[in-house]
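Listed below are the residues making up each chain.
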Amino acid sequence: MNYTKEEVMEYVNEEDVAFVRLAFCDIIGKQKNISIMASELNRAFDKGIAFDPSSIEGFGNITNSDLVLHPDPSTLMLLPWRPERGKVVRMYCSITYADGTPFECDSRTILADAVKEAKEKGLEFSFGSEQEFYLFKLDEDGNPTKEPYDFASDMDIAPEDKGENIRREICLTLDQMGIKPESSHHEEGPGQNEIDFKYADALSTADNVMTFQTIVKSVSGRNGLHADFSAKPLTDYPGNGFHINVSIEECEFNDINGIFENVSAGILEKTKEMTAFLNSTDNSYERFGDAKAPSYITWSKENRSQLVRLTATARDNARVELRSPDPMANPYIAFALIIKAALYGIENGLKLPEAVDISDLDKDSTLSKKTDKLPKSLKEARGITLDSDFVKDSLNEAILTSLK
């Protein structure tokens, strides 16, 4: 909505808003928030709201200082599931030290800086997000089980698909909050679902990913279910992917197709070095190579089992889809690294290697041995990331420390 501070203050005063949630993200991608009374909002805008970071994942090395949240008025959203009287709104925040110095582990600012760098080089990227999740039943004490809500399969309909009404409620809530859902359907696994929403700029899409997970979990909880975004909730069934689509929104270069190839080649080359951030749990590596989740570092224009999939290269449709990440990734860090990899590809004039068909790898053991693969474990991925000059140049030492 791109509200200004003055518009937010007016909205809060006129719409009976009682509480303001100041939201941020920890290193591992979990949303946190502090709730303040609406009467404190002007102070939050002018001076920020201090908090103790010592128990926040990845922030715990800050032992001698509070950090300060600064709300971004452009991210104002009403939480429609809260009461009509005494309404609740939410804004995402940047984080600084008390003296105003940016906090090194504020992943939202890291992404904002990457977006700024790209714009200074004449490029603006749009991001789309496809996140899968499972719906599980709760036990008699209200705790999550591993019993799927249904046993439908890919794109089934009711009555087999019991998640239809849950997805409908999620989509309506997304729409109320200004996030436009494009499609939804039952996925391959029992109780597994997918909802896709309209692409946007990198920062808005990362914010929307965080909001999306909150909405899914809230709606599921209201319906007596547990939403599970982990990479591999059930050993014998497909994992949850976080497929990230990247397109070039604005480009000052004449050769749009050449730039798109550079972008795609940069992402393909650097994904292995980024994997510890794209796939941040031990469970993530159980998903690779199973049920269309990639394991080889390959690309094609069609096959959905590839690491990178490209669409047609006409200007309005050019898009690279990265299929290895899972929903446990921090979207701000993931998008920042992808932008940096895209810029790396452009700056070095990278070209895509020859496309490799997955079926050829399955048939030809010699070819499969020569084809590079994604890491097999989080430990291996962390080692590769910590040794990567590209990642060191793209992030900062404080972020990298979280991997050690």
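The following refers to the structure shown. The model shown is predicted, which means the values in this text are computed figures rather than measured ones.

### Observations concerning the overall build of the protein chain
From N to C terminus, the protein chain includes twelve helices and 15 strands. For 404 residues, the compact-globule estimate of 2.2 N^0.38 gives 22 Å, and the protein chain sits close to it at 21 Å. For the protein chain, the spread of C-alpha atoms along the principal axes amounts to about 65 × 50 × 40 Å. Counting every position in the protein chain, which comprises 404 residues, the buried fraction comes to 53%. For the protein chain, the proportion of contacts with a sequence separation of at least 24, taken over those separated by at least 6, is 70%. In the structure as shown, the protein chain presents an accessible area of about 18,300 Å², 45% of it carried by carbon and sulfur atoms.

### Here's the deal with the pattern of salt bridges
Taken as a whole and assessed by the stated rule, the structure comprises 20 salt bridges. One network of salt bridges, in which partners are shared, links Glu117, Lys121, Lys340 and Glu347.

### Considerations on the packing of aromatic side chains
As enumerated under the stated definition, the model contains 14 aromatic pairs in all. Ring plane angle 65 degrees and centroid distance 6.3 Å describe the contact between Phe133 and Phe212, whose orientation is recorded as edge-to-face. Placement of Phe133 in strand S7 (residues 123-138) and of Phe212 in helix H5 (residues 202-222) is noted, with a sequence separation of 79 residues between them. Both residues of the pair, Phe133 and Phe212, belong to the buried class. Ring geometry for Tyr344 versus Phe390: centroids 6.1 Å apart, planes at 65 degrees, classification edge-to-face. Here the residue Tyr344 occupies a position in helix H7 (residues 331-347), and Phe390 occupies one in helix H11 (residues 389-394), the gap between them amounting to 46 residues.

### Things to note about the state of the cysteines
Linking two cysteines covalently via their sulfur atoms produces the bond known as a disulfide. With the rule as written, the count across this model stands at zero disulfides. Looking at Cys93, it has no disulfide partner, and the nearest cysteine sulfur is the one in Cys25, 12 Å off. Overall, the relative accessible area of 1% leaves Cys93 in the buried class. For the unlinked cysteine Cys105, the closest cysteine sulfur is that of Cys25, found at 12 Å. For Cys105, a relative accessible area of 1% corresponds to the buried category.

### Here we look at the pairing of S7
Buried residues dominate S7, accounting for 13 of its 16 residues. In this structure, S7 lies alongside strand S10 (residues 192-201), joined through eight bridges in antiparallel fashion. Each residue of the ladder has a partner; that of Gln131, found in S10, is Ile195. Of the strand pairs in this sheet, S7 and strand S11 (residues 225-228) are connected by four bridges, and their pairing is antiparallel. The partner of Phe136 across the bridge, within S11, is His226. Here S7 pairs with strand S8 (residues 144-148) via two bridges, running antiparallel. Looking across to S8, one finds that Phe136 is bridged to Pro148.

### Some points on helix H10 (residues 378-386)
Since the α-helix turns once every 3.6 residues, residues separated by three or four places project in the same direction. Among all positions in H10, only Leu378, Ala381 and Thr385 are buried. When H10 is viewed along its axis, its buried side chains cluster within an angular range of 60 degrees and face the same direction.

Reading the values: rules and limits
Residues numbered from 1 in each chain as written. Predicted model: local features only at pLDDT ≥ 70, side-chain atom pairs only at ≥ 80, totals over all residues. Heavy atoms only, no water. Helix = DSSP H or I, 4+ residues; strand = E, 2+ residues; numbered from the N terminus. Rg over C-alpha atoms; globule rule 2.2 N^0.38 Å. Buried < 20%, exposed > 50% of the residue type's maximum accessible area, 1.4 Å probe, protein only. Contact = heavy atoms within 4.5 Å. Areas by Shrake-Rupley, 256 points an atom, 1.4 Å probe, with all protein chains shown as cover. Salt bridge = Lys/Arg side-chain N within 4 Å of Asp/Glu carboxyl O. Phe/Tyr/Trp six-rings, centres within 6.5 Å; stacked < 30°, edge-to-face > 60°. Disulfide = S-S within 2.5 Å. Pairing = 2+ DSSP bridges. Arc of directions from axis to C-beta.

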